[in-house]
Structure formats: C-alpha cells, structure tokens
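# Examination of the molecular architecture
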Amino acid sequence: MAVFVLMIKVEENREKVIYKFGPDRKCMGIIEYNKITDQFLILEKVNDGKISNEAYERWAAEKIAKLMYREGGVFPDRTVVEK
C-alpha cells in the first residue's frame, strides 16, 4: 500500500518551522521543528482512522530532518512524503 503525506508550511523563523501534514487537506496534523534544540513537537494529531498518528508523525519528522540536513535547511512551502 502506498502512502502519501502532504506537508504545507505554516510558519518559519530563525528558531522553528511549522508544517501541517496529513493524507489530504481535510485531515491534517501540525508538527513543529525547533532548529536550535533539534526537537520535534506535535501540536495537533492527524486522526484519520486509517493509519496511526505515530506513523504520520514519524514520516513528517523524517522529511523535515532530510530538509534540514540534506537540503541545507531550505524548507519549501509545500512538500510530500511518499512511502
């Protein structure tokens, strides 16, 4: 089964970046990444009833980490995760 996670940037500043994330625009959680402490905080869960919140959270965090370390901290307004 293929999984698609849409990620839309809500806010970014020197200290953090915040994305909405989920399978579609109607069902999204919110994740915050603190650039200084290198920590993630889930502000809102996805709760789509099909896939666990933990899986969505892990996939979104992995994508943000890749953007931070592989892409030099360039966070696009929109991105996707495909698993």
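In short, a report on the structure. The shown structure was predicted, so the numbers you read here are calculated from the model rather than taken from an experiment.

### So, the overall build of the protein
- A count of helical and extended segments in the protein gives one helix and five strands.
- When the elements of the protein are put in sequence order from the N terminus, they spell out β-β-β-β-α-β.
- Rg of the C-alpha trace for the protein: 12 Å, near the compact-globule value of 12 Å for 83 residues, within the 12% margin.
- In terms of overall dimensions, the protein has C-alpha extents of about 35 × 20 × 20 Å along its principal axes.
- Residue pairs at least 24 apart in sequence account for 37% of intrachain contacts in the protein once pairs closer than 6 positions are excluded.
- Split by element, the accessible area of the protein, about 5,200 Å² in all, is 49% carbon and sulfur.
- Between the averaged position of the 15 positive side-chain charges in the protein and that of its 14 negative side-chain charges there is a distance of 3 Å.

### Section: the sheet that holds strand β5 (residues 78-82)
- Read from one edge of the open sheet, five strands run β4-β3-β2-β1-β5, paired in antiparallel fashion. Looking at strand neighbours, the two that pair on one side only are β4 (39-44) and β5, the edges of this open sheet. Each strand axis lies, on average, 30° off the axis of its neighbour in the sheet, ignoring direction.
- Taken together, the five bridges between strand β3 (residues 27-34) and β4 define a ladder with antiparallel strand orientation. In the sheet register, E32 faces β4, and the bridge partner there is L41.

### Comments concerning the environment of I8
- Turning to its location among the elements, I8 is positioned in strand β1 (residues 4-12).
- For I8, a relative accessible area of 17% corresponds to the buried category.
- Considering only alpha carbons, one finds I8 and A60, 52 residues apart in sequence, at a separation of 11 Å.
- Setting aside residues no more than four positions away along its own chain, I8 makes contact with I18, Y19, K20, R25, M28, D77 and R78.

Cut-offs and rules
- Residues numbered from 1 in each chain as written.
- Predicted model: local features only at pLDDT ≥ 70, side-chain atom pairs only at ≥ 80, totals over all residues.
- Heavy atoms only, no water.
- Helix = DSSP H or I, 4+ residues; strand = E, 2+ residues; numbered from the N terminus.
- Rg over C-alpha atoms; globule rule 2.2 N^0.38 Å.
- Contact = heavy atoms within 4.5 Å.
- Areas by Shrake-Rupley, 256 points an atom, 1.4 Å probe, with all protein chains shown as cover.
- Lys, Arg positive; Asp, Glu negative; His and termini not counted.
- Charge placed at Lys NZ, Arg CZ, Asp CG, Glu CD.
- Pairing = 2+ DSSP bridges.
- Axes fitted to C-alpha atoms, helices over the stretch in contact; angles between N-to-C directions.
- Buried < 20%, exposed > 50% of the residue type's maximum accessible area, 1.4 Å probe, protein only.

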